[in-house]
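Architecture and fold: a report
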Amino acid sequence: MIHMIIDSHTHVDESDIFGWIDPPETIIELMDVAGIECSVIMTYADVPGLDMHALKYIVNAVKKYPRRLIGYARMNPNGKDAVGLFREAINDLGLKGLKFHPESITNHPYSDNSLKLIHEAARLNTPVLFHSGDESMSLPLQIGFAAKECPDATFLLAHMGGYAHVEDAIKVAERYENIYLDTSAMPYPAKIREAVKRIGADRVVFGSDGPGCNPSLEIEKVRLAKLSPLEEKKVFAENILQLLERVDKK
Amino acid sequence: MSYHVPSINIIDGHVYLGHSINDYALKTEQLLASLEELKINGAVVCPVQPKDYHLKPANDLVVKAVSDFPKKLVGFCRVDPRQGEKALTELIRCRQLGLKGLLLHPWEEGYRINSEKAVQVVSKAAEMNMPILVESGYPWVSHALQVADLCGLVPNAVIMMSHGGQINISGLAQADAFAALRSHSNLYIQTSGVYRQDFLEEVIIELGSERVIFGSTFPIMDQEYELKRVLNLNITYKEKTKLLGENLLKLINSEVI
C-alpha cells in the first residue's frame, strides 16, 4: 500500500529549442491522475545559456503551486558566474537542487567547472541530479569520477544508466555511498528490484521524467518491481524527502 | 492504474525464443504462460543468437514452436547477412518451413543495416513477401536514419524498427526517428522501450495509427510493462486495437491468430 508519492524528476518549461511545451499545469494534471502529492521540477534549458529566463520560469511555477512543486536549477557550469547564479537560486529564490544534463551542455561530469558547481551544491546541502544514460558524456562511470571527487555531495543518477548502462549505474552506486538511483524512463522493472537488493532501498528514488514519460506508467513500473511495502515507502517518498529536508537545514 | 481492454485481439509483435549467448532465455511454455496471464492472444517469435553462434538450429527451434502452437505463434527467422549466399539459402529454407518474416539484429551479429549484404538479404525477404523486423536504435549499426536508408534501397520491403528506432534516454534521437518515418512509408515502428509516451502519441497524430505496432522484446524487456506502455497511451480504443494487433496481422498476412 502506498501512502505518499513524491516524483523526484519532472520537467516544466516552454522550450522552442526542443519543441517541448510543458507549462506547470501539464505536470499538475498528470500528478492528479497518478496520485502524486509533490514533484521536483526543472527546465529543459540550462542556465546560463540560450534561455536566461529558465530559473525564473521554475521559480514562478513553484510560486504558483507551492504545495505541489519543488524547483531545481538546471545549470551549465561553463557559463558566466554559474556558481554565483546557483547560490542565488538556492539561497534567495528558494530552489532545492542542482540538475546537470551533460548532453545538452556538452560537458563532462568530472570537468573542473562541473566539480566547482558540485562542491557548491555540497556546501548548500542540495542534491545533484545528473542525467545518466548511454551517451558519451552521461555514462554512470563518468559520474562516478565526480562522486569520488566530491564525497560530500549527494548525486542522483536519473534513469539509472538508461538502456545499456544500468549495470554500471548500480555498480557505481555500490562503490560510492553518495550516489542514489532515480527510476525514471529506464525500461526494466526487474532492475529496480535488483538495485534495491544490491544498494538497499534507502538510495533508490522514484522519478518519472514526466510529462513526456507518463507518471502513472512510471509508478506502475516500480510496482512491477515487487518491492516490500517498506521498500516502496522509501522509494516512492521517504528517500527524496530526506534529501530535500537537508536543504532546509543548511 | 486499471487497464480494461475488452475484446482487443492482442498480439505481441516481438518476442525471443531460446537461450541467448547474452544470457536472456525463454522457453515456449514460459511464453505461453505469460501470454495467458496477460491475455495476449499470440506472438511473433524470433530466434536468439545461441551460445554456439549457429542460427540454423535457432531457426529450427522457432519452426518447431510454431508448428506446435500454430494458432498462438507466428515465426520469424534470423540470418547473418555477412554470410552472403549462406544467409540467403537459410532465409529461403526458413520461408519454405513456414516462417513468415525476418528478424535482423545488426548489433548482436555485428553489421550495418544498410550495408550491401544486408540489402541483399532484405531484398530477398521482400521478394518472398516477408516483413523485416530490425533491432533498431543501436549506435553505428541500426540508428533510425540507417534503417530509413535501407527502406529507400529496398522500397518494396516492409520494415519494422524496434524501440521506435531509438535507444536514447535524452529524447535526442526522436527527431531522426520521426524523419525516418516521414520519409519512408514502408517503415513502421514497434513500441518496446520507447520511454516517452508523447513520442508515440505524436507519431499516431501526424502519421497515423497504422505505423505503430506493439512489440515487447520479451524476455529482454518486461512483457507486462511493455503492454501497459501501449494500454496507457492517450489514444482512442480503435487506435489501440490497431497498435495491439490489427496492424501486425495485416503486415504478416495472417488471420490465424
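Before any of the text, the structure's been laid out above.
Residues numbered from 1 in each chain as written. Chains lettered and ligands numbered in written order. Predicted model: local features only at pLDDT ≥ 70, side-chain atom pairs only at ≥ 80, totals over all residues. Heavy atoms only, no water.

1. Thoughts on the pairing of strand S7 (residues 127-131) of chain A
Residue and element names in this part refer to chain A.
- A large share of S7 lies buried, amounting to five of its five residues.
- Burial of S7 is two-sided: the residues Pro127, Leu129 and His131 facing one way and the residues Val128 and Phe130 facing the other way are all buried.
- Pairing of strand S6 (residues 97-100) with S7, which is carried by three bridges, proceeds in the parallel orientation. In the strand pairing of S7, Lys99 is matched with Leu129.
- In terms of strand pairing, S7 meets strand S8 (residues 154-158) through five bridges, oriented parallel. Paired with Phe130 across the two strands is Leu157, which belongs to S8.
- In the classification by handedness, the crossover that spans S7, the intervening helix H6 (residues 140-149) and the parallel S8 is right-handed. (Buried < 20%, exposed > 50% of the residue type's maximum accessible area, 1.4 Å probe, protein only. Helix = DSSP H or I, 4+ residues; strand = E, 2+ residues; numbered from the N terminus. Pairing = 2+ DSSP bridges. Right-handed = clockwise from strand over helix to strand, strands pointing away.)

2. Here we look at the interface of chain A and chain B
- In this complex, chain A contributes 28 residues to the contact, which on the side of chain B involves 24 residues.
- A buried area of about 2,200 Å², summed over both sides, lies between chain A and chain B, and 61% of it is on carbon and sulfur atoms.
- Per-residue buried area on chain A facing chain B is highest for Trp20, Tyr163 and Leu217 of chain A; these three make up 31% of the total on that side.
- Seen at the junction of chain A and chain B, the total is one salt bridge.
- Notably, a salt bridge pairs Lys228 of chain B with Glu220 of chain A, separated by 2.5 Å at the nearest N-O pair.
- Across the contact surface, chain A and chain B share seven residue pairs in polar contact (both at pLDDT 80 or more). (Contact = heavy atoms within 4.5 Å. Buried area = accessible area lost by both parts, 1.4 Å probe. Salt bridge = Lys/Arg side-chain N within 4 Å of Asp/Glu carboxyl O. Polar contact = N/O pair within 3.5 Å; in protein donor to acceptor, adjacent residues only side chain to side chain.)

3. Some details on the environment of Ser8 of chain A
Residues and elements named next belong to chain A.
- Turning to its location among the elements, Ser8 is positioned in strand S1 (residues 6-11).
- Separated by 56 residues in the primary sequence, Ser8 and Lys64 have C-alpha atoms spaced 19 Å apart.
- Beyond its immediate sequence surroundings of up to four residues, Ser8 is in contact with Val40, Met42, Leu129, Asp182, Val205, Phe206, Gly207 and Ile240.
- Only 2.7 Å separates the side chain of Ser8 from the backbone oxygen of Phe206, close enough to count as a polar contact.

4. Structural notes on unusual backbone geometry
Residue and element names in this part refer to chain A.
- The residue after Gly210, namely Pro211, is reached through a cis peptide bond having omega 5°.
- Note that Pro211 resides in the loop between strand S10 (204-205) and helix H9 (215-224).
- The phi dihedral of His159 is positive, around 70°, even though this residue is not glycine.
- Summarising the element assignment, His159 is placed in the loop between S8 and helix H7 (166-175).

5. Digging into the packing of aromatic side chains
All names here are of chain A.
- All chains considered together, the criterion is met by nine aromatic pairs over all chains.
- The interplanar angle of 55° and the centroid separation of 5.4 Å between the aromatic rings of Phe206 and Phe236 together place this pair among those described as tilted. Placement of the pair is Phe206 in the loop between S10 and H9 and Phe236 in helix H10 (residues 229-248), with a sequence separation of 30 residues.
- Assessed through its relative accessible area of 1%, Phe236 is described here as buried. (Phe/Tyr/Trp six-rings, centres within 6.5 Å; stacked < 30°, edge-to-face > 60°.)

6. Structural notes on the layout of surface pockets
- The space that makes up the largest pocket amounts to roughly 880 Å³.
- Taken together, 29 residues line the largest pocket, and the ones lying closest to its centre are Tyr163 and Ala164 of chain A together with Trp107, Tyr138 and Ile167 of chain B.
- Listing elements by their share of the lining of the largest pocket, those giving two or more residues are helix H4 (106-109) and helix H6 (144-153) of chain B.
- Residues of the lining of the largest pocket, tallied by class, amount to 15 nonpolar, nine polar and five charged.
- The volume enclosed by the second largest pocket comes to roughly 480 Å³.
- Forming the boundary of the second largest pocket are 22 residues, of which Leu30, Pro211 and Asn214 of chain A together with Glu201 and Asn234 of chain B lie nearest the centre.
- Listed by contribution, the elements that provide at least two residues to the lining of the second largest pocket are strand S3 (20-22) and helix H1 (24-34) of chain A together with helix H8 (197-207) of chain B.
- Residue classes in the lining of the second largest pocket are distributed as eight nonpolar, eight polar and six charged. (1 Å grid on protein atoms, 1.4 Å probe; cavity = no way out; pocket = protein on both sides within 12 Å on 5 of 7 lines; lining within 4 Å. Points joined across faces, edges and corners; volume = space filled by probe spheres on them. Nonpolar A, V, L, I, M, F, W, Y, C, P; charged D, E, K, R; others polar.)

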